[in-house]
Amino acid sequence: MTDLISYVGQLAWPLALVLSWMAGELLFRWTGLPRISIYGLAGFLFGNLANNFLAPTDSNAFLLLANLGFGLILFELGYRINLNWLRANPWILVTALAESILTFAAVYAVGRQFDMPVLAASLLASLAMASSPAGVLRVFNEQHAGGQVTERALHLTALNCVLAVFVYNVVVGIGLFQTSGNLGHAAGASLLVLVASALLGVAFGVLVPRWLRSRAGAGSDATMAFALAVLLLVAVTHVLTLSPVLAALSFGLVARHRRSALGIAQRNFGPLGDLLTVLLFVFAASTLNWTSAWNGLGLGLLLVIVRLAVKIGVCAAFARVSGISVRKGALAGVALAPMTVFAIMLIEQTRRLGVDLFDSLAPLAAIALLLQLFGPLLTQRAVRAAAEYSPGKES
């Protein structure tokens, strides 16, 4: 019997990934639901049924692989950011600042109203600022979306992620200093990490395109070169406990503006990106506990509604001055709904510093579960309502 349990434990993750992928493909074809919502649901069910079979070493290995999948998505998001557009239309940056700041303020105020401690409310509010690049970008690619709502949502996602990482790390640093009194330990979780991460990403963004340009005919294998570079970059950040979010975003942003071409056919990084995406969403959802999600469901649902209302309201309010209709501005706000993977990966990275924040954020499991299931669906409906998807190209 012991041997049988051991065998089941070794097969648990591979079986979960295969079954999640199969469920995602079948339900996408039957219902049109985003694949990643199905992956998340499968991961949540798997995590609550089978995590007892997993050894800590297995979890660490899959965390690294999940970070690699996250890094590929962040690189692609950074690659699609057009700094010239932001310079020409600074209202996009103003919109991002306003919706991030007001989201933080609204979530913090609701958390404090329900007697959450100041530190916990601040952490939850900082996570709520962000939209998940994994959720937004994968849905857009799945729908072959393109247009004003799509591009605006992508740029807002990148900007609010950077702001969220900054605020989150500052709050974590303050919390560490309050509990330990160790300024060095606190600094290690905050601004120095962000600067080092961004500089590392910039270095990759300069060196990799330069290496590609030095080789004749390098365009044909640019996808492989960028994929391997992202894998190396995320592995380095994992070892040095830096931020893969800022590193990968910086890499993609600088690579784009070094004029390295990444073809449309190479979006998602092909089968490698698809495989790591399944693993990423299954792993992220498997960290959620049913008991925690149920206990925090009431407050979690309220916070989801408040967060989404702020993002939609701000995007609609700044729509006309930034060059689109109020309706399309509101749809861009709806598209920003996903949050789960980004929040969970930030929490997991903080856990590697020896700080476990998940249990102190009671509603987070409920928020993460709700937005894992419904966030991608809202993004999908937003681009469809904006008529920015290509139904004949869905794959």
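These remarks concern the structure in this document. (Residues numbered from 1 in each chain as written. Predicted model: local features only at pLDDT ≥ 70, side-chain atom pairs only at ≥ 80, totals over all residues. Heavy atoms only, no water.)

**A few points about the packing of helix 11 (residues 222-240) against helix 12 (residues 244-257)**
Working step 1: Between helix 11 and helix 12, the least distance of the axes is 9 Å, while the angle of their chain directions is 150°. What the angle tells us is that helix 11 and helix 12 run roughly antiparallel. Handedness of the crossing formed by helix 11 with helix 12: right-handed. Contact residues: Phe226, Ala229, Val230, Leu233, Val234 and Thr237 in helix 11; Pro244, Ala247, Ala248, Phe251 and Ala255 in helix 12. (Axes fitted to C-alpha atoms, helices over the stretch in contact; angles between N-to-C directions. Helix = DSSP H or I, 4+ residues; strand = E, 2+ residues; numbered from the N terminus. Parallel < 35°, antiparallel > 145°, perpendicular 65-115°, else oblique. Left-handed = near helix turned anticlockwise from the far one by under 90°. Contact = heavy atoms within 4.5 Å.)

**Structural notes on the packing of aromatic side chains**
Working step 1: This structure, assessed with the given rule, holds eleven aromatic pairs.
Working step 2: Where Tyr79 meets Phe226, the ring centres are 6.4 Å apart and the plane angle is 65°; that geometry is what we call edge-to-face. In this pair, Tyr79 is assigned in helix 3 (residues 56-79) and Phe226 in helix 11, connecting sequence segments 147 residues apart. Residues Tyr79 and Phe226 agree in their burial class; the two are buried.
Working step 3: Ring pairs connect the aromatic residues Phe75, Tyr79, Phe204, Phe226 and Phe251, which therefore count as one cluster.
Working step 4: In this structure, Arg35 packs its charged tip against the face of Phe28, placed 3.9 Å from the ring centre. (Phe/Tyr/Trp six-rings, centres within 6.5 Å; stacked < 30°, edge-to-face > 60°. Buried < 20%, exposed > 50% of the residue type's maximum accessible area, 1.4 Å probe, protein only. Lys NZ or Arg CZ within 6 Å of the ring centre and 35° of its normal.)

**Observations regarding the packing of helix 16 (residues 326-335) against helix 18 (residues 364-385)**
Working step 1: One way to put it is that helix 16 packs onto helix 18 with a least axis distance of 8 Å and a crossing angle of 160°. Classified by the angle their axes make, helix 16 and helix 18 are roughly antiparallel. Along this stretch, helix 16 crosses helix 18, giving a crossing that reads as left-handed. Contact residues: helix 16 offers Arg327, Leu331, Val334 and Ala335, while helix 18 offers Leu378, Thr379, Ala382 and Ala385.
Working step 2: Of the residues belonging to the contact of helix 16 with helix 18, the class tally is six nonpolar, one polar and one charged. (Nonpolar A, V, L, I, M, F, W, Y, C, P; charged D, E, K, R; others polar.)

**Some points on unusual backbone geometry**
Working step 1: Positive phi, normally seen in glycine, also occurs at Asp115, with a value near 65°.
Working step 2: Structurally, the position occupied by Asp115 is in the loop between helix 5 (91-113) and helix 6 (118-129).
Working step 3: On the basis of relative accessible area, Asp115 is assigned to the exposed category, the value being 69%.
Working step 4: Unlike most non-glycine residues, Ala387 shows phi in positive territory, near 55°.
Working step 5: Mapped onto the secondary structure, Ala387 falls in the segment after helix 18.

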